[in-house]
Amino acid sequence: TTPLRLSEDGEAARVEGGLTEMQAEFRDAARSFGLQEFAPHASRWDEEKHFPKDELRRAAELGFAGMYVRDDVGGAGCSRADAAVVFEELASHDVSTTAYLTIHNMCAWIIDTYGSEEQRQRYLPSVTNLDLFTSYCLTEPGAGSDAAA
């Protein structure tokens, strides 16, 4: 399976289910990866509270760790819709690991969008290949997360 990349013109014909041909390819790549790398281990990982770094790094080889990040720093340059197709498929094989991957992608996008050029060049190549793992946290004043605070 090859890493995700957008076509030069960003356009593709629609296929079944309203997906573009490229999105269908992304889905198929995510399905194959999820079946091989996530599904056989998901229950055990949850039971043992295991964080699957090696499998996540293999997901990064396919572009799954920098989906919304520009390609000059190792990202796939995908749209949110493209990423949703991938995450939906991966989640059907392991919800918790995919949930982490969505958070990592959000953090990578934040650096790509709001970071300086120096920060983008310094951090994102290691973030998109998962040499660096990212996350975030929220405060919970009173009860529940208050992202607007």
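As a reminder, the structure under discussion sits directly above these lines.
Residues numbered from 1 in each chain as written. Predicted model: local features only at pLDDT ≥ 70, side-chain atom pairs only at ≥ 80, totals over all residues. Heavy atoms only, no water.

Let us look at the overall build of the chain. Across its full length, the chain holds 6 helices and 0 strands. Secondary structure elements of the chain occur, N-terminal to C-terminal, as α-α-α-α-α-α. When burial is assessed residue by residue, the chain has 39% of its 149 residues classed as buried. Residue pairs at least 24 apart in sequence account for 63% of intrachain contacts in the chain once pairs closer than 6 positions are excluded. Summed over all atoms, the accessible surface of the chain reaches about 8400 Å², with 51% contributed by carbon and sulfur. (Helix = DSSP H or I, 4+ residues; strand = E, 2+ residues; numbered from the N terminus. Buried < 20%, exposed > 50% of the residue type's maximum accessible area, 1.4 Å probe, protein only. Contact = heavy atoms within 4.5 Å. Areas by Shrake-Rupley, 256 points an atom, 1.4 Å probe, with all protein chains shown as cover.)

What follows covers the nonpolar core. Core analysis: the largest hydrophobic core is formed by 23 residues, its most contacted members being Phe33, Phe64, Met67, Val86, Phe87, Leu90 and Leu101. Listed by contribution, the elements that provide at least two residues to this core are α1 (21–38), α3 (53–61), α4 (80–91) and α5 (95–114). Among the elements that make up this core, the one with the highest residue count is α1 (5 residues). Counting 5 residues, the second largest nonpolar core, distinct from the first, contains Val69, Val73, Leu124 and Val127. (Core = buried A, V, L, I, M, F, W, Y, C linked by side-chain atoms within 4.5 Å.)

Under the defined criterion, the tally for this structure stands at 10 salt bridges. Between Arg27 and Asp28 there is a salt bridge, with its nearest N and O atoms 3.1 Å apart. Residue classification places Arg27 among the buried residues on the basis of a relative accessible area of 16%. Across the salt bridge formed by Arg58 and Glu37, the nearest N and O atoms sit 3.0 Å from each other. Of this pair, Arg58 sits in helix α3 while Glu37 is found in helix α1, placing the two residues 21 residues apart along the sequence. (Salt bridge = Lys/Arg side-chain N within 4 Å of Asp/Glu carboxyl O.)

To continue, consider the side chain of Thr20. Here Thr20 is to be found in the segment before α1. On the basis of relative accessible area, Thr20 is assigned to the buried category, the value being 11%. A distance of 2.9 Å separates a polar atom in the side chain of Thr20 from the backbone nitrogen of Gln23. (Polar contact = N/O pair within 3.5 Å; in protein donor to acceptor, adjacent residues only side chain to side chain.)

Before going further, it helps to examine the packing of aromatic side chains. Counted according to the given criterion, the structure contains 7 aromatic pairs. For the ring pair Phe33 and Phe38, a centre distance of 5.4 Å and an interplane angle of 75° mean the geometry is edge-to-face. Both residues of the pair, Phe33 and Phe38, count as buried. The interplanar angle of 85° and the centroid separation of 5.8 Å between the aromatic rings of Trp109 and Tyr114 together place this pair among those described as edge-to-face. A residue is classified by how much of its surface remains accessible, and Trp109, at 26% relative accessible area, is partly exposed. Assessed through its relative accessible area of 62%, Tyr114 is described here as exposed. Following the ring pairs from residue to residue traces out a cluster consisting of Phe33, Phe38, Trp45 and Phe64. (Phe/Tyr/Trp six-rings, centres within 6.5 Å; stacked < 30°, edge-to-face > 60°.)

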